[in-house]
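Below are the chains, spelled out letter by letter.
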Amino acid sequence: MSGQSLPTLPMWRVNHIEPSPEMLALRANGPIHRVRFPSGHEGWWVTGYEEAKAVLSDAAFRPSGMPAAAFTPATVILGSPGWLGSHEGSEHARLRTIVAPAFSNRRVKLLAQQIEAIAAQLFETLAAQPQPADLRHYLSFPLPAMVISALMGVPYEDHAFFAELSDEVMTHQHESGPRSAALLAWEELRTYIRGKMRGKRQDPGDNLLTDLLAAVDQGKATEEEAIGLAAGILVAGHESTVAQIEFGLLAMFRHPQQRERLVGDPSLVDKAVEEILRMYPPGAGWDGIMRYPRTDVTIAGVHIPAESKVLVGLPATSFDPRHFDDPEIFDIGRAEKPHLAFSYGPHYCLGEALARLELKVVFGSIFQRFPRLRLAVAPEELKLRKEIITGGFEEFPVLW
Ligand code: HEM
């Protein structure tokens, strides 16, 4: 196959957030498409909601962190012990069970008050700045990092240090770009976690690092796996949430009536967060998560040979009219139907309850604290971070 005329990713969103017209046109043609990836490889892009769920729950597919050797250049975190995306089956279940208590309802409720306090503190710091100020610097970047400090049980003051490392690790994790800096950052992050985890022997608490140390002591995980689990949670939980706060704010700026509706009826915040996640999830145009079939499979009548690249287009599935009514309308009162922003199947997002809580705190209070909050530049002037899979912006200058 020449492949020259294949649809090619990335398909950039319009003004950084609106769905790509090419993606919408392609999606209308069917649920699974042959495409060319940025790496140059050919493969499939799954844009149908049910078809995506079918792939994500089918044990014939290896997870994102287990690509065939032909698809992986030098890797940074893939294959690192404890990285959940590189484990499957009972090994994956064993590792997830070790960290599940940190994301239980009880722990997440314990974190709720801290998240509110963190947000309130960051709002006041932002308010004290001369205008315009960079909301990324004062809110969207530090907030998820401070929440992860609380989750892990390390001092808030460490957040800037490890969030910068996490950022470095996640940069260039997709299909192109230099990786040596990311590798160094990953090692530094692991060294930091090793030290903090060992410190929990003298200073235990209701937190992730204490749980992980106990799991090592009880022989449920090796120390390397425990460190990898914590580092993985840190990098998976940081960038995605940073980007979601920024994309969510852009969505609200772009839809002032929906914003007014939320301000007028704060009880809509849960639904508003779901609608932001459905329609404006994090993403820089690569849009989706990879899966690799170990055998030939047929999904929706499409034959996919073993060891192909299959990108499950999570954001594209949000525009499947077989699942969502009027999917292209942003409606914060929409009757709730599950979306796939947090994926599905054994690898669904471990931190979804925590992420929802963070977003609820931000979107439930930011327009009360800053009623006139707005971008200080035109949306198209924002610089998308194209080198990082979750997107987000170089800067997010605002006025209030
Ligand atoms: C709005 C914010 C977030 C979004 C949109 C998001 C989305 C996702 C997605 C799409 C996956 C991929 C699953 C797959 O390969 O099928 C994932 C995995 C994961 N997420 Fe999140 N996430 C968010 C926040 C968080 C937070 C706050 C944490 C933890 C503090 C977290 C921890 C993880 C972990 C550990 C995995 C790997 C799960 C596994 O492979 O078993 N995420 N997330």
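Going by the structure above, here's the rest.
Please read all numbers here as calculations on a predicted model, not as lab measurements.

1. Here we look at the site of the ligand
- H92, R291, S343, H347 and C349 are the nearest of the 24 residues found near the ligand.
- At 2.5 Å from an oxygen atom of the ligand is found a side-chain nitrogen or oxygen belonging to R291.
- Secondary-structure elements contributing two or more residues to the shell around the ligand are α3 (89-99), α10 (223-254), β5 (289-293) and α14 (352-369).
- Ranked by residue count, the leading element in the shell around the ligand is α10, at six residues.
- Of the residues contributing to the shell around the ligand, the split by class is 13 nonpolar, nine polar and two charged.

2. Remarks on the coordination of the iron atom of the ligand
- Protein coordination of the iron atom of the ligand is limited to a single donor, C349 (SG), positioned at 2.3 Å.
- Summarising the element assignment, C349 is placed in the loop between α13 (314-317) and α14.

3. As for the sheet that holds strand β2 (residues 42-46)
- Ordered by their spatial adjacency, five strands build an open sheet running β1-β2-β8-β5-β3, and the pairing between neighbours is mixed. In this open sheet, the two strands that pair with only one neighbour each are β1 (32-36) and β3 (61-62).
- Summarising the sheet, β5 and strand β8 (residues 310-312) pair through three bridges and their orientation is antiparallel. The residue bridging R291 from the neighbouring strand is V310, located in β8.

4. Considering the pattern of salt bridges
- Using the criterion set out here, one finds 28 salt bridges in the structure.
- The closest approach of N and O atoms between R62 and E307, which form a salt bridge, is 3.0 Å. Linking R62 in strand β3 with E307 in the loop between β7 (302-304) and β8, this pair joins segments that are 245 residues apart in sequence.
- Close ionic contact of E91 with R94 constitutes a salt bridge, the shortest N to O distance being 2.9 Å. Placement of the pair is E91 and R94 together in helix α3, with a separation of three residues, close to one helical turn.
- Its relative accessible area of 36% is what places E91 among the partly exposed residues.
- Among the residues examined, R94 registers a relative accessible area of 26% and is labelled partly exposed.

The rules behind these values
- Once a new chain begins, its residue numbering starts again from 1 and follows that chain's sequence as written.
- Since the coordinates come from a predicted model, pLDDT governs what is reported: local features require at least 70, and pairs of side-chain atoms require 80 or more to be given and counted, while whole-chain, interface and lining totals use all residues.
- Processing note: side-chain calculations cover all non-hydrogen atoms of the structure and skip hydrogens and water entirely.
- It suffices for a single heavy atom of a residue to lie within 4 Å of a molecule or strand for the residue to be listed as near it.
- Whenever two N or O atoms come within 3.5 Å, that pair is a polar contact, provided that in protein one can donate a hydrogen and the other can accept it, and provided that, for residues adjacent in sequence, both atoms are side-chain atoms.
- Runs of E in the DSSP output that reach at least two residues are strands. Runs of H or I that reach at least four are helices, and both are numbered from the N terminus.
- Classification convention: Asp, Glu, Lys, Arg as charged; Ala, Val, Leu, Ile, Met, Phe, Trp, Tyr, Cys, Pro as nonpolar; all other residues, Gly among them, as polar.
- Donor selection uses N, O and S atoms within 2.8 Å of the metal (3.2 Å for Na, K and Ca). Since no water is included, sites may look incomplete.
- Here a strand pair is declared whenever DSSP counts at least two bridges between the two strands.
- One speaks of a salt bridge when a side-chain nitrogen belonging to Lys or Arg is within 4 Å of a carboxyl oxygen belonging to Asp or Glu.
- Burial here depends on accessible area, computed with a 1.4 Å probe over protein chains only, as a share of the maximum for the residue type. Under 20% is buried, over 50% is exposed, and the range in between is partly exposed.

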